[in-house]
Amino acid sequence: MEWDITADQINDGELTFSLTEFTNKMFKMVSAEVAESQQAPEGAENEPDAVENYFVQYYACFYNYMLCLATDRSRWGFVSHTKRLTIHQDIRKKFIDKKYLILLAEEQKETVDIFKAVLKRFVSDLIEAGVSTNRLPQMIYMQQLNSFSSIIPSIMKNEKGRKLLIRIEFHNSFFGSLKSLFKLPIGG
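Parameters at a glance
- Residues numbered from 1 in each chain as written.
- Predicted model: local features only at pLDDT ≥ 70, side-chain atom pairs only at ≥ 80, totals over all residues.
- Heavy atoms only, no water.
- Helix = DSSP H or I, 4+ residues; strand = E, 2+ residues; numbered from the N terminus.
- Contact = heavy atoms within 4.5 Å.
- Areas by Shrake-Rupley, 256 points an atom, 1.4 Å probe, with all protein chains shown as cover.
- Core = buried A, V, L, I, M, F, W, Y, C linked by side-chain atoms within 4.5 Å.
- Buried < 20%, exposed > 50% of the residue type's maximum accessible area, 1.4 Å probe, protein only.
- Patch = residues over 30% accessible without salt bridge, like charges linked within 9 Å, V, L, I, M, F, W, Y side chains within 5 Å.
- Salt bridge = Lys/Arg side-chain N within 4 Å of Asp/Glu carboxyl O.
- Lys, Arg positive; Asp, Glu negative; His and termini not counted.
- Charge placed at Lys NZ, Arg CZ, Asp CG, Glu CD.
- Axes fitted to C-alpha atoms, helices over the stretch in contact; angles between N-to-C directions.
- Parallel < 35°, antiparallel > 145°, perpendicular 65-115°, else oblique.
- Left-handed = near helix turned anticlockwise from the far one by under 90°.
- Nonpolar A, V, L, I, M, F, W, Y, C, P; charged D, E, K, R; others polar.

A. Representation of the overall build of the protein in the model. Scanning the protein from N- to C-terminus turns up ten helices and zero strands. Reading the secondary structure of the protein in the N-to-C direction produces α-α-α-α-α-α-α-α-α-α. The long-range fraction of contacts in the protein, counting pairs at least 24 apart against all pairs at least 6 apart in sequence, stands at 68%. On the protein, roughly 9,700 Å² of surface is accessible, and the fraction owed to carbon and sulfur atoms is 49%.

In structure tokens form, the structure reads like this:
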């Protein structure tokens, strides 16, 4: 995937790029790549239920893996989550394949950096707005669901849709670096 923005532009404040904008732009880019590579079964784009749509399921797995990489989560946590999803078998098979995930991580370093920058900007904006660090996890989760609402329109009410996503949470060094950056007691 080729981005027309950089993580540095977001980190330096040259560009404002919300989590919703990032989520939607990445969805369009990933869907176009899947369609171009002819990975999707015939008629996949015509599935009326967004949660059952091949492109949405593929994107949810892609998004989740990029999220895990951006927040320093383990690949095995991602694989465990993916194994539990009710998704197309070929998507599951692809996203639990260690070789595929290693290759995807190498190919998507720019995407991961941009995702990390978007998350850092979002969290820093919340902190600057005076949101309590105790409320950050809930605020971030609500924004994550809102950012998916154009992809899965009823995600707030759709349990199956919400289960597709790995929740953005405070994990390891990603939020540890935010903690030290803002000198705040995040998650502890």
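What follows continues from the structure just given.
B. Spatial organisation of the nonpolar core. Among the nonpolar cores identified, the biggest contains 60 residues, and Trp3, Met26, Tyr63, Phe95 and Phe115 are the most heavily contacted of them. When contributions to this core are tallied by element, the ones reaching two or more residues are helix H1 (7–11), helix H2 (19–36), helix H3 (54–70), helix H4 (75–84), helix H5 (89–95), helix H6 (98–107), helix H7 (109–128) and helix H8 (136–148). Ignoring sequence-local partners within four residues, the contact set of Tyr63 consists of Thr23, Met26, Phe115, Gln144, Phe148, Leu165 and Ile168.

C. Structural detail: a negative patch on the surface. Among the surface-exposed residues, Glu2, Asp8, Asp12, Glu14, Glu110 and Asp113 lie close enough to one another that they form a single negatively charged patch. Relative to the elements of secondary structure, Glu14 occurs in the loop between H1 and H2. Of the residues examined, Glu14 reaches a relative accessible area of 59% and is grouped as exposed.

D. Just the packing of H2 against H7, in detail. Between H2 and H7, the least distance of the axes is 9 Å, while the angle of their chain directions is 155°. Comparing their axes, H7 and H2 come out roughly antiparallel. The way H2 lies across H7 gives a crossing that is left-handed. In contact with Leu19, Phe22 and Met26 of H2, H7 contributes Thr111, Ile114, Phe115, Val118 and Leu119. A per-class count over the contact of H2 with H7 returns seven nonpolar, one polar and no charged.

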